[in-house]
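So the chains spell out like this:
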Amino acid sequence: IGFCPEGDVHLLEETKKSGYNIQYLEKTRIIQNNHNRFNNRLIFPIHSISGQVLGFGARILEENTKKAKYLNSDSSEIYQKSKVLYGLHLAKKHIKNSDFCYIVEGYTDVMALSQSGIKNVVSNCGTALTKEQIRLIKRFTNNIVILFDSDLAGVNATIKAIDSILEQNMSPKILQLPNHEDPASFIQNNTIEFVKEYLVDNTVDFIDFKYNLSNSTDSSALIR
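Residues numbered from 1 in each chain as written. Predicted model: local features only at pLDDT ≥ 70, side-chain atom pairs only at ≥ 80, totals over all residues. Heavy atoms only, no water.

(A) Representation of the environment of Lys 160 in the model. Looking at where Lys 160 falls in the secondary structure, it is placed in helix H6 (residues 152-167). Since its relative accessible area comes to 52%, Lys 160 is described here as exposed. For Lys 160 and Val 104, which are 56 residues apart along the polypeptide, the C-alpha to C-alpha distance reads 14 Å. (Helix = DSSP H or I, 4+ residues; strand = E, 2+ residues; numbered from the N terminus. Buried < 20%, exposed > 50% of the residue type's maximum accessible area, 1.4 Å probe, protein only.)

(B) Quick peek at the environment of Gly 57. Its place among the elements puts Gly 57 in strand E5 (residues 53-60). Judged by its relative accessible area of 0%, Gly 57 falls in the buried class.

(C) Structural context of the nonpolar core. Counting residues in hydrophobic clusters, the biggest one holds 25 residues, and the most contacted among them are Ile 103, Val 122, Ile 144 and Ile 146. Elements that contribute at least two residues to this core include exactly helix H3 (88-98), strand E7 (101-104), helix H5 (131-138), strand E9 (143-146), H6 and helix H9 (206-214). Per-element tally for this core: the top contributor is H6, with five residues. Discounting residues that sit within four places of it in the chain, Val 122 has contacts with Leu 85, Tyr 86, Gly 87, Leu 88, Ala 91, Ile 95, Cys 101, Tyr 102, Ile 103, Val 104, Val 110 and Ile 137. Counting residues in each nonpolar core, the second largest holds 24 residues, with Tyr 86, Val 121, Leu 175 and Tyr 198 among its members. (Core = buried A, V, L, I, M, F, W, Y, C linked by side-chain atoms within 4.5 Å. Contact = heavy atoms within 4.5 Å.)

(D) Inspection of the pattern of salt bridges at higher detail. By the definition in use, this model includes five salt bridges. Here Glu 77 and Lys 27 are joined by a salt bridge, their closest N and O atoms 3.6 Å apart. Residue Glu 77 is located in the loop between strand E6 (70-72) and H3, and its partner Lys 27 is located in helix H2 (residues 22-27); the two are separated by 50 residues in the primary sequence. Here the two residues Glu 77 and Lys 27 agree in accessibility, since each one is exposed. In this structure, the salt-bridge partner of Arg 29 is Asp 74, at a minimum N-O distance of 2.7 Å. (Salt bridge = Lys/Arg side-chain N within 4 Å of Asp/Glu carboxyl O.)

(E) Geometry of helix H8 (residues 192-201). Those residues of H8 lying buried are Val 195, Tyr 198 and Leu 199. For H8, the arc enclosing every buried residue in end-on projection is 100 degrees, short of the 170-degree limit, so these residues lie on one face. Turned more than 90 degrees away from the buried face of H8, the exposed residues are Glu 193, Val 200 and Asp 201. (Arc of directions from axis to C-beta.)

(F) Molecular detail of the layout of surface pockets. Volume-wise, the second largest pocket comes out at about 570 Å³. In terms of lining, the second largest pocket is formed by 25 residues, of which the most central are Glu 105, Gly 106, Tyr 107, Asp 109 and Gly 126. Among the secondary structure elements, those contributing two or more residues to the lining of the second largest pocket are E6, helix H4 (107-115) and H6. At four residues, H6 tops the list of elements feeding residues into the lining of the second largest pocket. Across the lining of the second largest pocket, the residue classes break down as 10 nonpolar, eight polar and seven charged. (1 Å grid on protein atoms, 1.4 Å probe; cavity = no way out; pocket = protein on both sides within 12 Å on 5 of 7 lines; lining within 4 Å. Points joined across faces, edges and corners; volume = space filled by probe spheres on them. Nonpolar A, V, L, I, M, F, W, Y, C, P; charged D, E, K, R; others polar.)

As far as function goes, none of this settles anything; it's purely spatial.
This is how it looks when you write it as structure tokens:
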């Protein structure tokens, strides 16, 4: 992670001196109108499975602004977010050792879990979970625990992910946190011991998840 400061008038010259391809940076809109498009944002480098930097996610630091909360690198011949999982280059050995993988929604969720000792975790970079991303995980395990938000959008995303994982002949399980919590906030608000115990005790098979969902009073609002 890095902080991207205000651009300066010498941005192009300094970038060229550092050996970067200006045309590529402009094509992918990292540089736009001679300015760094990610100015004043927290930068999350997105790596390939082998550890090469492919693109960036950038989160706004200002509060009460109309700017987009997140900006991401544009798709290119190098970076295609539907084929990349954030954190996989670090998590892959832990996924293989534990024989399962947590999939979460955000960069900070990966970081929070990893810093708490739960390192077999990746994020789908803000996209719906794709078959290419699932196949990346399958190289290390057949078992995925979906840990998305518990709101309506998160539950719908979970249902879609279950079907996609099953299509790859893999075994999905589901873990839901209390309402209005995400992994980062949940870890911040609880002890590590409680978090780890919660993760174990509340992970359920996808059949149980769908059964419980079908009996929920809110199930009529979900996709089928």
